[in-house]
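A structural walkthrough
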Amino acid sequence: MKVLIYLLVLSLVSGVGSFDLVIDGIPDEVENLIDLEIDGFPSSSKTRNGRYQGEDDDKIGLYSYKVQSTITSRLANTMIQARMVNNAKRPQPIVFDVQVPKGAFIDNFTMDINGITFTSHIREKSEARRMYSQAKAKGKAAGIVRSNALDMENFQTEVNVPPGMRIQFQLHYHEMIRRRLSSYEHIISVKPGRLAKHMEVDVRIIEPQGLRYVHVPNSLGDHFDGITTISKGEKKAHVSFKPTMAQQRKCPTCSSTAVDGNFVVQYDVNRETTGGELEIFNGYFIHFFAPENLDPLPKNILFVIDVSGSMWGLKMKQTIEAMKAILSELRAADQFSLIDFNHNVRCWRDNLVSATPAQVEDAKKYIQTIHPNGGTNINEALLRATFILNEAQNLGMLDPNSVSMIVLVSDGDPTVGELKLTTIQKNVKQSIKDEFSLFCLGIGFDVDYDFLQRIATDNRGMAQRIFGNQETSAQMKNFYNQVSTPLLKKIQFNYPQESVSDVTQSSFHNYFGGSEIVVAGKVDTENLQHLESVVTATAANAELVMETLRDVEELDGFMKKDKYADPEFTRKLWAYLTVNQMMAERNAAPTAALKRNITKSILQMSLDHHIVTPFTAMLIENAEKDEIMLADQPKDPRKGCCSGTLGLTPNAPNNNKGIPAWANVTAVPVSYMPEQRSPPVSSLSINRVDNDPHFIIHLPKSQRNICFNINSEPGKILNLVSDPETGVVVNGQLVGAKKMENKKLNTYFGKIGFYFKNKGLKVEITTETITLKDGSHAITLSWSDTGHIIRKQLLISVKKESNVTITVGQEMSFMVLLHRVWKKHPVNVDFLGIYIPPENQFSSSAHGLIGQFASEPEVSIHHQTPGQPPEKPQAIMEVKGNKFTVTRGVQKDYRTDRVLGTDVPCWFVHNSGKGFIDGHYKDYLVPHLYSFMKRP
């Protein structure tokens, strides 16, 4: 080994600082070439593009450069491998320089040098340094590097390799792919630095939810048009990028490579349920929550813009351009204002104003007049913004269902007023009081981005670095789009406490459209068959309670069949979320003792799951353990520990009906939740319309069931209940079978509409969705959901692929049943049935095909005679002054048995109920789904 390694520099992040090297047994000819006293770098080497170049640089051969990445349910495992050889006649430094996504966890690194393998181990930092010191004291080859992170994280190794020697580097890291703007984006840095004889980027995606699309933008440039191949299945996809050496060249005669950038894969998954997707495997669960089809919540937004002298020029021009575009995207229901600051603080308006076209135009004109100059007073600017929001709330100017936020745009550290960052952070936290969110945009590299991350995370927001160039405006608009559409607030995830443990953050301030919330935990799969979750949240003008139920073994077969799927994906995702959460909690810890305890937990997690964190170091050793290298990442004293989101899950009693006792539904006030009154399933005493369509009217006084059919045309709308005094309408729209049978086209209810006029609410139920409408607002659930919507004392309860119950206070309830048929059935279609208890408190003026029987008529049935066949006797019915023949028969109640139904004996009235119903059935046709009927 004495002549094997002459120089090794190992770094984990960009921005290399000082380090010590001990080199054992350097041959004289090499020692004459290398001077280790100049900042730790070989003095005779020349640097170019971040790599060391000598006169024999072109003799370094890159035999292969391979990237393999597998995404299993958002968990991306990536391996980057480079195989190189020194073809020169003298030793040369070979660099392995890889950019790792910020936030990814490096979990393994190996080097193979002419058959000698170096492997990595994760150690507590002090222990790793002790082992390094021991190796150094013994005169063994050892290297240590200390460095601080800027924006990108680099893993860099440099080895001075003798002539003819081969070396292979291999780095492994994993990360959770976040969803932004309705897309998951997997970014892989591909910068080989030279032409590779064999080059390959191979990405496999395995998503049990199913893939909506897979897209690979041309991020490496037009040079590589048509080289990437994509094969996509229902739940799996394969992306391959294999340019030949000729295709890699910048030009046909060039010796340099055009492969220098990011390889990007974008995709999204199918979502059938609003309550999210539960994936359970190997003793862990992951809950992915990304509801769609919800109306945006109104927002109260304050833009706080740095106009100090450092913003002069392109940065200010791009900021103005971005702000004008952002202001144009404000919705009519939004309120906003602008604050610009340097050493002073100015307000465009001293209070929030509605985002009317006139106000927006005036704000654009104001932005256009800004001229940067002076210092930076971040503290006063943020406190002024929080004061405006607090005052608006105290004066009752904010919609209770709205979301309030501050967006700070700055390019530098504070230079005026309060300069101590921890004091600014404390001041803002105390002023916001957990009421609002703070989002920060840091422009350029002069800004203390880590401070912006801390202050944003501390106030339920996030930060993003914006590069001060021609793309500044687009980057700002992209960031705003991520937070411009709040769909839910006060989101709470609940799981049965006796079955789960170590659950990650489960309480969230906001959910923004196009994003995703992820919760993970451990689950006792040995003693549990199903795992249930309940998610509560506030939507636009309604409260949501969403339930999800999953078999704990549902994924087992799928995972075991796929050789590329990571069987540890649930454990890794749980560890990823847990470590990031603990690091955020450590950053916010109020006492040193608590911070120490959290640090111990992070350290143990790092060691248990073999990941590099600020409290661990990676040791790289050969098999004999006589050569040791150390990758060390000390904490930057200017930054907090790490990014993440701190979430607290309050424990509150559950007083809500129809929800598991362990569910902590803090988002739904008890006063909003009426008692659920489902139509009684144990009794046949109920009015119902089912099948094609068969009406069954129960007459409680005479204890009789009367049946009739309505034969109408597809598209026609029948009124079932029309009660002008209570303001209730129930209508059903007919849908036809796929073709006629026996010269008759059967019709069914394909859509049912409920209108509660006094509440201003409408409910539309189809065979696909359930929608609650309140004015211009709408909330939609699918039949794949199990959950509740609560609005104005009206409760909609959905049971997955089964039924919907609508409860109106203590007065009324309705049940709609879903009937699914085989999709390829030649005749039948999906349809709905409706069940209405006779106890519903309709007024005496109620009418409709069912509503008219709220006041039970006198019915006489006599002169019963045997029928043909005998089990269907006939009789004479007298009702409402009419006399006609009826037949004894049987209809079906499908509430307890949705396949075969339960037999309901009844007297059948022929000719579409003629004589039993008032007038003709055509009198009950209405023009719209929510129309009251005109009395016949």
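Look above for the structure.
Residues numbered from 1 in each chain as written. Predicted model: local features only at pLDDT ≥ 70, side-chain atom pairs only at ≥ 80, totals over all residues. Heavy atoms only, no water.

1. Quick word on the sheet that holds strand E14 (residues 183-190)
Across the sheet, 4 strands lie side by side as E13-E14-E19-E16; this open sheet has antiparallel pairing. Each of the sheet's edge strands pairs with one partner strand only, and the pair in question is strand E13 (179-180) and strand E16 (211-215). (Pairing = 2+ DSSP bridges. Helix = DSSP H or I, 4+ residues; strand = E, 2+ residues; numbered from the N terminus.)

2. Thoughts on helix H4 (residues 314-328)
One full turn of an α-helix is made of 3.6 residues, so residues set three or four places apart face in the same direction. Look at H4: 22 Å from first C-alpha to last across 15 residues, which is about the 21 Å you get at 1.5 Å a residue. By the burial criterion, the buried members of H4 are Lys315, Met316, Gln318, Thr319, Ile320, Ala322, Met323, Ile326 and Leu327. Those residues of H4 that are buried are in contact with strand E22 (299-306), strand E23 (335-341), helix H5 (357-368), strand E26 (403-410), strand E27 (437-443) and helix H9 (472-483). (Expected span 1.5 Å × (residues − 1). Buried < 20%, exposed > 50% of the residue type's maximum accessible area, 1.4 Å probe, protein only. Contact = heavy atoms within 4.5 Å.)

3. What about the environment of Met812?
Examined against the element boundaries, Met812 turns out to sit in strand E49 (residues 812-819). With 27 residues separating them along the chain, Met812 and Glu839 place their C-alpha atoms 7.8 Å apart.

4. A short note on the nonpolar core
For soluble globular proteins, nonpolar side chains are generally found buried alongside one another. In this structure, Phe754, Ile806, Met877 and Phe916 are the most contacted members of the largest nonpolar core, which totals 86 residues. If we skip the residues at most four places from it in the chain, Phe754 touches Val729, Val730, Leu761, Lys762, Val763, Ile765, Ile806, Phe814, Val816, Ile834 and Tyr930. If you look at the next biggest cluster of nonpolar residues, it comprises 55 residues, including Met84, Ile167, Val239 and Val265. (Core = buried A, V, L, I, M, F, W, Y, C linked by side-chain atoms within 4.5 Å.)

5. Notes on empty space enclosed by the protein
Gaps left between atoms are located by rolling a probe of water-molecule size over the structure's atoms. As enumerated under the stated definition, the model contains 9 cavities of 30 Å³ or more in all. One number sums up the size of the second largest cavity: a volume of about 60 Å³. As for the second largest cavity, its lining consists of Arg74, Gln209, Asn270, Arg271, Glu272, Thr273, Gly276, Glu277, Phe288, Phe289, Ala290 and Glu516. Taken together, the residues of the lining of the second largest cavity sort by class into 3 nonpolar, 4 polar and 5 charged. (1 Å grid on protein atoms, 1.4 Å probe; cavity = no way out; pocket = protein on both sides within 12 Å on 5 of 7 lines; lining within 4 Å. Points joined across faces, edges and corners; volume = space filled by probe spheres on them. Nonpolar A, V, L, I, M, F, W, Y, C, P; charged D, E, K, R; others polar.)

6. What to know about the pairing of strand E48 (residues 803-808)
Counting buried residues along E48, 6 of its 6 residues qualify, which places the element largely inside the surrounding structure. The alternating pattern of E48 places Asn803, Thr805 and Thr807 on one face and Val804, Ile806 and Val808 on the opposite face, and all of these are buried. Once strand E47 (residues 794-799) ends, the chain turns through 3 residues before running back antiparallel as E48, passing Glu801 with a positive phi of about 50 degrees. When E48 meets E49, the two strands line up antiparallel, connected through 6 bridges. Residue pairing for E49: Thr805 is matched across the bridge by Met815. Counting the residues that bridge the hairpin from E48 to E49 gives 3 residues, and of these Gly809 lies at a positive phi of roughly 55 degrees.

7. Notes on the pattern of salt bridges
On inspection of all chains with the given rule, the structure shows 27 salt bridges. With its nearest N and O atoms 3.4 Å apart, the salt bridge here joins Asp502 to Lys522. On the criterion of sequence distance, the pair formed by Asp502 in the loop between strand E30 (500-501) and strand E31 (507-512) and Lys522 in strand E32 (residues 517-523) is long-range, its members being 20 residues apart. According to the relative accessible area criterion, Lys522 is partly exposed, its value standing at 27%. A salt bridge links Asp774 to Arg791, with the shortest nitrogen-to-oxygen separation between them at 2.9 Å. (Salt bridge = Lys/Arg side-chain N within 4 Å of Asp/Glu carboxyl O.)

8. Points about the packing of helix H7 (residues 421-432) against helix H8 (residues 449-457)
One way to put it is that H7 packs onto H8 with a least axis distance of 10 Å and a crossing angle of 20 degrees. On the basis of the axis angle, H7 is roughly parallel to H8. The handedness of the crossing between H7 and H8 is right-handed. On H8, the residues touching Leu421, Ile424, Gln425 and Val428 of H7 are Phe451, Arg454 and Ile455. (Axes fitted to C-alpha atoms, helices over the stretch in contact; angles between N-to-C directions. Parallel < 35°, antiparallel > 145°, perpendicular 65-115°, else oblique. Left-handed = near helix turned anticlockwise from the far one by under 90°.)

9. Structural notes on the pairing of strand E45 (residues 777-782)
As defined by bridge partners, strand E44 (residues 769-774) adjoins E45 across 6 bridges and the pair is classed as antiparallel. From the neighbouring strand, Asp774 faces E45, where its bridge partner is His777. Between E44 and E45, which follow one another and run antiparallel, lie 2 residues, and Gly775 among them has a positive phi close to 65 degrees.

10. Side note on the state of the cysteines
Scanning all chains against the criterion turns up 2 disulfides. Note on cysteine connectivity: Cys251 is disulfide-linked to Cys254, with sulfurs 1.8 Å apart. Taking the torsion about the sulfur-sulfur bond, which here is approximately 95 degrees, the covalent link between Cys251 and Cys254 counts as right-handed. Classification of Cys251 as partly exposed rests on a relative accessible area of 25%. When the bonded cysteines of the chain are numbered from the N-terminus onward, they pair as 1-2, 3-4. (Disulfide = S-S within 2.5 Å.)

11. Notes on the sheet that holds E32
On the basis of which strands lie adjacent, the open sheet formed by 4 strands has the order E20-E21-E32-E30 and antiparallel pairing. Bordering the open sheet on either side are strand E20 (277-281) and E30, each of which pairs with just one other strand. Inspection of the sheet shows E20 paired to strand E21 (residues 284-289) by 5 bridges, in the antiparallel sense. Along E21, the bridge assignment pairs Phe281 with Tyr284. Its contacts with the sheet place helix H11 (residues 569-588) against E20, E21 and E32, and it is angled at close to 70 degrees to E21.

12. As for the packing of aromatic side chains
How two aromatic rings sit relative to each other is given by the distance of their centres and the angle of their planes. In the structure shown here, the tally under the stated rule is 27 aromatic pairs. Here Phe224 and Phe241 contribute two aromatic rings whose centre-to-centre distance is 5.5 Å and whose plane-to-plane angle is 75 degrees, an arrangement assigned as edge-to-face. Within this pair, whereas Phe224 is found in the loop between E16 and strand E17 (229-232), its partner Phe241 is found in strand E18 (residues 236-241), the two being separated by 17 residues in sequence. Taking 6.1 Å as the distance between ring centres and 65 degrees as the angle between the ring planes, the aromatic pair formed by Tyr755 and Phe932 counts as edge-to-face. With a gap of 177 residues between them, Tyr755 in strand E42 (residues 747-756) and Phe932 in the segment after helix H13 (910-913) connect regions that are remote in the sequence. Judged by relative accessible area, which is 27%, Phe932 ranks as partly exposed. Here a set of aromatic residues connected by ring pairs shows up, and it is made of Phe96, Phe109, Phe155 and Phe169. A cation over an aromatic ring shows up here: Lys235 above the ring of Phe558, its NZ or CZ 5.5 Å from the ring centre. In this arrangement the basic side chain of Lys762 is found over the ring face of Tyr755, its NZ or CZ atom lying 5.4 Å from the centre. (Phe/Tyr/Trp six-rings, centres within 6.5 Å; stacked < 30°, edge-to-face > 60°. Lys NZ or Arg CZ within 6 Å of the ring centre and 35° of its normal.)

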